[in-house]
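Tertiary structure, described
Spelled out from the first residue to the last, the chains are:
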Amino acid sequence: MSDMIAALQPLLGKPLPQHPSSFGRWLDGILEKAELGSLTFRFKVREEMRNPLGVLHGGVISGIMDDVIGATLLTSGVYTNFTSINLNVEFIASVKGHEPEVLATTKVVKQGRRTSNVECLLTDDSGKLLAKGHSVLINLEQ
């Protein structure tokens, strides 16, 4: 178990108290699972996250994915500064209902010295796929 995974274990079932970004604190995700190269967060869909049709806004979905994908690199031993080169999101089903929760689960697909590829699946509690995302991140210190 990596040092980062060990550090995250006491935070399971809780929001991250020291989230490095104000956007991440606004999202207020609950850490559900932390493994080498993979994270799962639970997010409550609040009213301010909805579009005029009452469904989870696509920008919020993209923001959730971007935030969780970035955190995932820390679980794989990347402790340098990195940033996204791209973020591709495929919206598959609408998130409707009264204050539902969604799960964002990530996985490092390929990690290189300079770039890393990470995917994210957004599901509901039943496991229904709502959106898929993929990002390439670049190590700024290489």
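Below: a short report on this structure. (Residues numbered from 1 in each chain as written. Predicted model: local features only at pLDDT ≥ 70, side-chain atom pairs only at ≥ 80, totals over all residues. Heavy atoms only, no water.)

Attention now goes to the sheet that holds strand β3 (residues 38–44). Reading across from one edge, β1-β2-β3-β5-β6-β7-β4 is the order of the seven strands in this open sheet, with antiparallel pairing throughout. Taken across any chain shown, the strands that pair with only one partner, and hence form the sheet edges, are β1 (14–15) and β4 (82–91). Across two bridges, β1 lies against strand β2 (residues 30–35) in antiparallel orientation. Residue pairing for β2: Pro15 is matched across the bridge by Ile30. (Pairing = 2+ DSSP bridges. Helix = DSSP H or I, 4+ residues; strand = E, 2+ residues; numbered from the N terminus.)

Another point: the pattern of salt bridges. According to the stated counting rule, one finds seven salt bridges in the structure shown. In this structure, Arg42 engages Glu101 in a salt bridge whose closest nitrogen and oxygen atoms are separated by 3.2 Å. Linking Arg42 in strand β3 with Glu101 in strand β5 (residues 101–111), this pair joins segments that are 59 residues apart in sequence. The class of Arg42 is buried, set by a relative accessible area of 19%. For Glu101, a relative accessible area of 30% gives the class partly exposed. Where Arg46 meets Glu48, a salt bridge forms, and the shortest distance between an N and an O atom there is 2.7 Å. (Salt bridge = Lys/Arg side-chain N within 4 Å of Asp/Glu carboxyl O. Buried < 20%, exposed > 50% of the residue type's maximum accessible area, 1.4 Å probe, protein only.)

Okay, the environment of Gln9 next. Structurally, the position occupied by Gln9 is in the loop between α1 (3–8) and β1. Considering only alpha carbons, one finds Gln9 and Thr40, 31 residues apart in sequence, at a separation of 12 Å.

Glancing now at the layout of surface pockets. In this model, the largest pocket occupies a volume close to 620 Å³. If you go around the largest pocket, you meet 32 residues; those closest to its centre are His19, Pro20, Asp67, Gly70 and Ala71. Of all the secondary structure elements, the ones that give two or more residues to the lining of the largest pocket are α1, α2 (22–27), β3, α3 (58–75) and β4. Per-element accounting of the lining of the largest pocket gives the leading share, eight residues, to α3. Of the residues belonging to the lining of the largest pocket, the class tally is 18 nonpolar, 10 polar and four charged. (1 Å grid on protein atoms, 1.4 Å probe; cavity = no way out; pocket = protein on both sides within 12 Å on 5 of 7 lines; lining within 4 Å. Points joined across faces, edges and corners; volume = space filled by probe spheres on them. Nonpolar A, V, L, I, M, F, W, Y, C, P; charged D, E, K, R; others polar.)

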